[in-house]
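# Tertiary structure, described
The residues making up each chain are set out below.
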Amino acid sequence: MSKGKIFMSNRHIEAPFSSDSQLQEMKILNCSFRKIKYWDYPDSWFRHWCFYWNATEGAWIVSNGKKIDLTPDKVVLIPPFTPFASGMEQPFNHFYIHFYSPGILDRIRRTPVVLDADNAAETIPKMMKKKGIPLSLGIYALLFGFLAKVPPALCLQGTEESIDPRIRKVVNLMYEHINHPIDNHRFCRQAGLGINEFYDLFKKEMHRTPRQYLVMLRMEHASVLLRNSQHSIEEIAENCGYADRYHFSKAFRSYFGLPPAEFRKRHEP
């Protein structure tokens, strides 16, 4: 046997997995790489994850009082129920993935995760030229590659929860019935709490009332439909739980600072 030669051990190595560690029901909601002309959004508290990478400078997010510039050298992962606002000073080229993954990925603390972009500038444009299964596999590979780099310090331990399970149930109910009015007492029943206890816990977890949070969900849903569909404003109003275009437009302008038609125009290619 020559000196310096390394032989692999035949010792069996097994990595144990528990049911808690499984990635269950991951679903890609949206994925796009486009030039953005409007990105001044108030506080958002999504149920889903956001993956952001910008090919050009000019935009930022603010979370927990901290401003994070979105630049080509970094990727930002925003876990569910993390509050953040966004802004811009000039049009920019923006890549994003919105994805939902209950299970192990709910075990990440509610704070933006900033990672080195590595070779994203080369990988993402090439990936987005693909179609069908190769594109889908590329998106998942990209996500898992960066998710694997989340620092252990940001992973919850033991019985820690990113959000109270009772409030999570209520938020899921809001998503499922975004276009229907729901009596507040139903939220209380879903959470198994009295009305006052429910309101106090909801505001503690979400920093806003149930009504304010539901309005936010409807406005965010409307913004997605305005950007990515050909539905009329009347149809979008109905889809977001509003009786007519007038009340919807009034709520939209109050939330975003401009009417739905102007919002749609600013997001045209």
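Residues numbered from 1 in each chain as written. Predicted model: local features only at pLDDT ≥ 70, side-chain atom pairs only at ≥ 80, totals over all residues. Heavy atoms only, no water.

On to a negative patch on the surface, then. A surface patch of negative charge is lined by E57, D73, E89 and D116. Summarising the element assignment, E57 is placed in the loop between β3 (49–54) and β4 (59–63). (Patch = residues over 30% accessible without salt bridge, like charges linked within 9 Å, V, L, I, M, F, W, Y side chains within 5 Å. Areas by Shrake-Rupley, 256 points an atom, 1.4 Å probe, with all protein chains shown as cover. Salt bridge = Lys/Arg side-chain N within 4 Å of Asp/Glu carboxyl O. Lys, Arg positive; Asp, Glu negative; His and termini not counted. Charge placed at Lys NZ, Arg CZ, Asp CG, Glu CD. Helix = DSSP H or I, 4+ residues; strand = E, 2+ residues; numbered from the N terminus.)

A few words on the packing of helix α3 (residues 165–176) against helix α4 (residues 184–191). At a minimum axis separation of 8 Å, α3 and α4 run at an interaxial angle of 135°. Classed by the angle they form, the pair α3 and α4 counts as oblique. The way α3 lies across α4 gives a crossing that is right-handed. Taking contact as the criterion, the partners of R166, K169, V170, L173 and M174 in α3 are, on α4, R186, F187, Q190 and A191. (Axes fitted to C-alpha atoms, helices over the stretch in contact; angles between N-to-C directions. Parallel < 35°, antiparallel > 145°, perpendicular 65-115°, else oblique. Left-handed = near helix turned anticlockwise from the far one by under 90°. Contact = heavy atoms within 4.5 Å.)

A few words on the packing of aromatic side chains. If you walk through the whole model with that rule in mind, you get 24 aromatic pairs. Relative to F198, the ring of F187 has its centre 6.4 Å away and its plane inclined at 35°; by these criteria the two rings are tilted. Pair noted here: F187 is in helix α4 and F198 is in helix α5 (residues 195–206), with a separation of 11 residues, a long-range link. What makes F187 buried here is its relative accessible area of 2%. Every member of this aromatic cluster is reached through a ring pair, and the members are Y38, Y41, Y242, F248, F252, Y255, F256 and F263. The ring of Y100 carries the charged tip of R47 above its face, separated from the ring centre by 4.5 Å. (Phe/Tyr/Trp six-rings, centres within 6.5 Å; stacked < 30°, edge-to-face > 60°. Buried < 20%, exposed > 50% of the residue type's maximum accessible area, 1.4 Å probe, protein only. Lys NZ or Arg CZ within 6 Å of the ring centre and 35° of its normal.)

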